[in-house]
Amino acid sequence: MTDSKYFTTNKKGEIFELKAELNNEKKEKRKEAVKKVIAAMTVGKDVSSLFPDVVNCMQTDNLELKKLVYLYLMNYAKSQPDMAIMAVNSFVKDCEDPNPLIRALAVRTMGCIRVDKITEYLCEPLRKCLKDEDPYVRKTAAVCVAKLHDINAQMVEDQGFLDSLRDLIADSNPMVVANAVAALSEISESHPNSNLLDLNPQNINKLLTALNECTEWGQIFILDCLSNYNPKDEREAQSICERVTPRLSHANSAVVLSAVKVLMKFLELLPKESDYYNTLLKKLSPPLVTLLSGEPEVQYVALRNINLIVQKRPEILKQEIKVFFVKYNDPIYVKLEKLDIMIRLASQANIAQVLAELKEYATEVDVDFVRKAVRAIGRCAIKVEQSAERCVSTLLDLIQTKVNYVVQEAIVVIRDIFRKYPNKYESIIATLCENLDSLDEPDARAAMIWIVGEYAERIDNADELLESFLEGFHDESTQVQLTLLTAIVKLFLKKPSETQEETHTYTHTNISPSFDSDNPDLRDRGYIYWRLLSTDPVTAKEVVLSEKPLISEETDLIEPTLLDELICHIGSLASVYHKPPNAFVEGSHGIHRKHLPIQHGSIDTGESPVSAGPAAPIEQAQSVIPSQGDLLGDLLNLDLGPPVNVPQQSSMQMGAVDLLGGGLDSLVTVCMFIFLYLLSLFPQIWLPAVKAKGLEISGTFSRRQGQMYMDMTFTNKALQHMTDFAIQFNKNSFGVIPTTPLPIHTPLMPSQSIEVSLPLNTIGPVMKMDPLNNLQVAVKNNIDVFYFSGLIPLNIFFVEDGKMERQVFLATWKDIPNENELQYQIKECHLNADTVSGKLQNDNIYTIAKRNVEGQDMLYQSLKLTNGIWILAELRIQPGNPNYTVKHPPNLNSPNSELRSHLLFLSEV
């Protein structure tokens, strides 16, 4: 009789009877009782009250009974932590049992009991098992370390278990090596910044040796580990590839995909002109083809991975396109994947075969598959220019079938062909117009309307065709309404009315339906067209009928940086979803992002691009900064006179770094201060989306309550989400660094913006910049590292304690020789002295004294920078005269021996 009998009892008072049987003196009775307990537990009954009685059964030599008791313990230990401690002594004793199976069973169960109170008692037994003479016990103990690390990471590190795991990589048994690698890899994923797997040539050689002898799942662990290694040169990369290549012929598809992942990564390090490179490409093809002979589910996983491989290296499977021809009994999900890969492999050499297949698919009964097949014909026409005419002919044949959904899909793709090859296939427009009445889907109607509007001058009854759509304008979808509105304007511009009155009547009659729409996009577009046509038809023609860019050959390719990351995840769920792990794994945002090695000739050193040093962004950042002349002349249009007297200035030293070594002019002119002050008021686009793969960063700098801030807006204009943001500044003149990490803790989804206020301080490393207030920034996310630079308005550096004592100010000012003074004229400032003084004080520029001399208001002012530099100025204001005079010394001794005094002035804005 089988064990199913234990699941069929419905006795009342069962717990009491089980308790009695568990304490029976006969071993067989106790064994039967434990089986009944496990059966009850399996079907959801609460048998936790039997915990002490079951634990008493641990003291047995019967391996089967011991396994059952351990199973019970794993299930109820968390709910009965105090009672679970009763089993500790039994665990310790079993770890010293002469039978290695019992020792391994004990250490495996210890790792599965997730109770903090017990873990500290299990350290010593685990340490012994890691050094056990039997390899089965050692490999089990290796996995237990990973489980224990998940419960209490600090204890595992303190007890030295991680070092023991690293020692097991050199174990003589390949399965021990594989489990040690698996455990270290698991721990590394939760601690991405730790270098637990010290991958060096010696360890890599040990892993490759174990690769040939361990089980298939052990091979997967080792291959995944090898894929994280960056060989030091081409020779080492080739050596590893030669030893991994035999895994391509393994019967387990997971091993094959893991081997493919390693080889795809190391191909980046091999020169493309080498014989071995081409040989390796040929070896990759057969195993991928073989994967397609398995079950449909395995085929689908293989196809999703092949899709990535083909996008990265299409030459691997360019001769195997027939393998991806659809079979009649393939599930729809396999058919669609094969179809996608066929298009990616289509070329001038095989386009005839591909088109013949696609035309056959278009006659299938599965509507979704037929639509994809028709759309694929259009993609072939766009991708392979030589085949465009044949593709158009095929589409016309399909239109003649009069199958409604085929006709509509064909018109949609023909529109794209017209956009790719303008003025080439317009002879078929008449055939398309014949099917206009049968179009009922928004995509097809919009496509047909676009064609009529774009080629209105070639269609005699274009106005009648568009009017037929206008009759039901308010019932159409937004997509059709927008397209129809543009088509009407195109028709008018290409076939204008003869009189102005007719023009006004036509435009108002046909565009006015959009004025009443609830859709703001439609309504705004209608008003824009109406005003353009009413005021300046010539300009309207230049705008609406301007030359359009050709559509790209491949619009559905995965973004390159994302593709490189997915290649590193071949054989995992990420390669099936075509998304990085942190997009679908909860709590994985801190996981280290994987990337392909640097191309041959520039081996990656493993350093983060953000921390690679200041040299990287400098050249790029300099080009971002406009010249001062352009800024003032074009943006501000201010009339700023030159200095009245600009004598030769001596250089000055300030510690190890000479920030103002070029004299005052090297810092910034007075007019530059005005511009920089404006910068602090209005956000600037520091990083355009076109230069950062869809990430746009705009912002400004501010000073609030004595604290400097970098206020930024991050906008995602890409099609994928963005995570793992970090920021770093290059060395700069004022030692500005972020006080805290970038506070973006949630993914930034497409079309989403997030505002961030990053506090700054000035305790970082100092390096003289040109101009001095230039700040170079690196921002990292899951896509790439991006660099930009910006000018920090200098008023941000004005500290609150910049008001100098009057006596000290006076004594210092008197010590300045007259010939060392500089003067500037600031024109067209219509403010009185009190207003100017108040506005400047808002930016920590303090008025020390004020007097009136010969009808002029004299303001004596001081300010202090974050780096301790004092700045003095005299501002002369003639009432009724909009021109001010600023006087300041270029170089003077400060009342504080540690500071140098320099003068700058921030004008009123």
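- As annotated in an unreviewed UniProt entry, the chain carries the name AP complex subunit beta and comes from Oncorhynchus mykiss.
- In its Sequence similarities (unreviewed entry) section, UniProt records this for the chain: "Belongs to the adaptor complexes large subunit family."
- Per UniProt, the comment on the chain under Subcellular location (unreviewed entry) is "Endomembrane system".

### Some points on the sheet that holds strand E2 (residues 695-704)
Okay, so step 1: Pairing within the open sheet is antiparallel, and its five strands lie in the order E1-E2-E3-E6-E5. Each edge of the open sheet is held by one strand with a lone partner, namely strand E1 (684-687) and strand E5 (737-738).
Okay, so step 2: As defined by bridge partners, strand E3 (residues 707-716) adjoins strand E6 (residues 753-761) across eight bridges and the pair is classed as antiparallel. Considered in E6, the bridge of Met 710 is made with Leu 758.

### Some thoughts on the sheet that holds strand E4 (residues 726-729)
Okay, so step 1: Taken in spatial order, the three strands of this open sheet run E4-E7-E8, and their pairing is antiparallel. Each having just a single partner strand, E4 and strand E8 (785-791) make up the two edges of the open sheet. Taken pair by pair, the neighbouring strands of this sheet meet at an average axis angle of 25 degrees, ignoring direction.
Okay, so step 2: Note that E4 and strand E7 (residues 774-780) share four bridges and pair antiparallel. When the sheet's bridge partners are listed, Ile 727 is paired in E7 with Val 779.

### Notes on the environment of Pro 135
Okay, so step 1: By secondary structure assignment, the location of Pro 135 is in helix H10 (residues 135-151).
Okay, so step 2: The partly exposed category is assigned to Pro 135, whose relative accessible area is 27%.
Okay, so step 3: On a C-alpha basis, the gap between Pro 135 and Ala 104 in space is 9.8 Å, while along the polypeptide they are 31 residues apart.
Okay, so step 4: Leave out the neighbours within four places in its chain, and Pro 135 touches Asn 173 and Val 176.

### Quick notes on the nonpolar core
Okay, so step 1: Counting 206 residues, the largest nonpolar core has Tyr 72, Leu 73, Phe 91, Leu 358 and Phe 418 as the members making the most contacts within it.
Okay, so step 2: In terms of residues, this core owes the most to one element, helix H28 (residues 478-494), which gives ten residues.
Okay, so step 3: Other than its neighbours up to four places away in sequence, Tyr 72 contacts Val 37, Ile 38, Met 41, Val 47, Ser 48, Leu 50, Phe 51 and Val 54.
Okay, so step 4: In terms of nonpolar packing, the next biggest core, distinct from the first, is built from 45 residues, Phe 734, Leu 748, Val 777 and Leu 865 among them.

### Concerning unusual backbone geometry
Okay, so step 1: Look at the link from Asp 770 to Pro 771: it is a cis peptide, with omega at -5 degrees.
Okay, so step 2: Within the element layout of this structure, Pro 771 appears in the loop between E6 and E7.
Okay, so step 3: Here the phi dihedral of His 578 falls at roughly 60 degrees; this positive angle occurs in a residue that is not glycine.
Okay, so step 4: The class for His 578 is buried, based on a relative accessible area of 15%.
Okay, so step 5: Here the phi dihedral of Gln 705 falls at roughly 55 degrees; this positive angle occurs in a residue that is not glycine.
Okay, so step 6: With respect to the helices and strands, Gln 705 occurs in the loop between E2 and E3.

### A short note on the pairing of E2
Along any regular strand, the residues point their side chains to alternate faces of the sheet.
Okay, so step 1: Burial of E2 is extensive: nine of the ten residues sit out of reach of the surface.
Okay, so step 2: Two successive antiparallel strands, E2 and E3, enclose a turn made up of two residues, where Gln 705 displays a positive phi of approximately 55 degrees.

### Topic: the pairing of strand E12 (residues 870-877)
Okay, so step 1: By the criterion of burial, E12 is predominantly enclosed, with seven of the eight residues buried.
Okay, so step 2: Sheet topology note: the strand E11 (residues 856-864)/E12 ladder contains eight bridges and is antiparallel. In the sheet register, Ser 862 faces E12, and the bridge partner there is Leu 872.

### Some words on the side chain of Arg 445
Okay, so step 1: With respect to the secondary-structure elements, Arg 445 resides in helix H26 (residues 442-454).
Okay, so step 2: Engagement of the side chain of Arg 445 in a polar contact is seen with the backbone oxygen of Leu 439, the distance being 2.9 Å.
Okay, so step 3: Among residues more than four places away in sequence, those in contact with Arg 445 are Leu 439, Asp 440, Phe 469, Glu 476 and Val 480.

### Section: the packing of aromatic side chains
Okay, so step 1: Overall, the coordinates contain ten aromatic pairs when judged by the stated rule.
Okay, so step 2: Ring geometry for Trp 686 against Phe 788: centres 6.0 Å apart, planes inclined by 10 degrees, an arrangement best described as stacked. Linking Trp 686 in strand E1 with Phe 788 in strand E8, this pair joins segments that are 102 residues apart in sequence. Here Trp 686 matches Phe 788 in class, with each residue buried.
Okay, so step 3: For the pair Phe 809 and Tyr 860, a centre-to-centre distance of 6.2 Å together with 75 degrees between the ring planes defines the contact as edge-to-face. Note that Phe 809 is positioned in helix H38 (residues 806-814) and Tyr 860 in strand E11, a separation of 51 residues in sequence. The two residues Phe 809 and Tyr 860 agree in class, both being buried.
Okay, so step 4: Taken together, the aromatic side chains of Trp 686, Phe 701 and Phe 788 make up a single cluster linked through ring pairs.

### Thoughts on the packing of H28 against helix H30 (residues 520-535)
Okay, so step 1: Axis separation between H28 and H30 bottoms out at 10 Å; the angle between their running directions is 10 degrees. Taken together, the axes of H28 and H30 lie roughly parallel to each other. Taken together, the residues of H30 that come into contact with H28 (itself represented by Gln 481, Leu 482, Leu 485, Thr 486, Val 489, Phe 492 and Leu 493) are Asp 521, Leu 522, Arg 525, Gly 526, Tyr 529 and Leu 533.
Okay, so step 2: Looking at the contact of H28 with H30, its residues break down into eight nonpolar, three polar and two charged.

### Overview of the packing of helix H22 (residues 367-383) against helix H24 (residues 404-420)
Okay, so step 1: The geometry of H22 relative to H24 is characterised by a closest axis approach of 9 Å and an angle of 20 degrees between their N-to-C directions. As far as their axial angle goes, H24 and H22 are roughly parallel. By crossing handedness, the relation of H22 to H24 is classed as right-handed. On H24, the residues touching Val 367, Val 370, Arg 371, Val 374, Arg 375, Gly 378, Ala 381 and Ile 382 of H22 are Tyr 405, Val 406, Glu 409, Ala 410, Val 412, Val 413, Asp 416, Ile 417 and Lys 420.
Okay, so step 2: Here the contact of H22 with H24 is built from residues that sort into eleven nonpolar, one polar and five charged.

Each value, and the rule that gives it
- Residues numbered from 1 in each chain as written.
- Predicted model: local features only at pLDDT ≥ 70, side-chain atom pairs only at ≥ 80, totals over all residues.
- Heavy atoms only, no water.
- UniProt positions renumbered as here; feature names shortened; annotations may be inferred.
- Pairing = 2+ DSSP bridges.
- Helix = DSSP H or I, 4+ residues; strand = E, 2+ residues; numbered from the N terminus.
- Axes fitted to C-alpha atoms, helices over the stretch in contact; angles between N-to-C directions.
- Buried < 20%, exposed > 50% of the residue type's maximum accessible area, 1.4 Å probe, protein only.
- Contact = heavy atoms within 4.5 Å.
- Core = buried A, V, L, I, M, F, W, Y, C linked by side-chain atoms within 4.5 Å.
- Polar contact = N/O pair within 3.5 Å; in protein donor to acceptor, adjacent residues only side chain to side chain.
- Phe/Tyr/Trp six-rings, centres within 6.5 Å; stacked < 30°, edge-to-face > 60°.
- Parallel < 35°, antiparallel > 145°, perpendicular 65-115°, else oblique.
- Nonpolar A, V, L, I, M, F, W, Y, C, P; charged D, E, K, R; others polar.
- Left-handed = near helix turned anticlockwise from the far one by under 90°.

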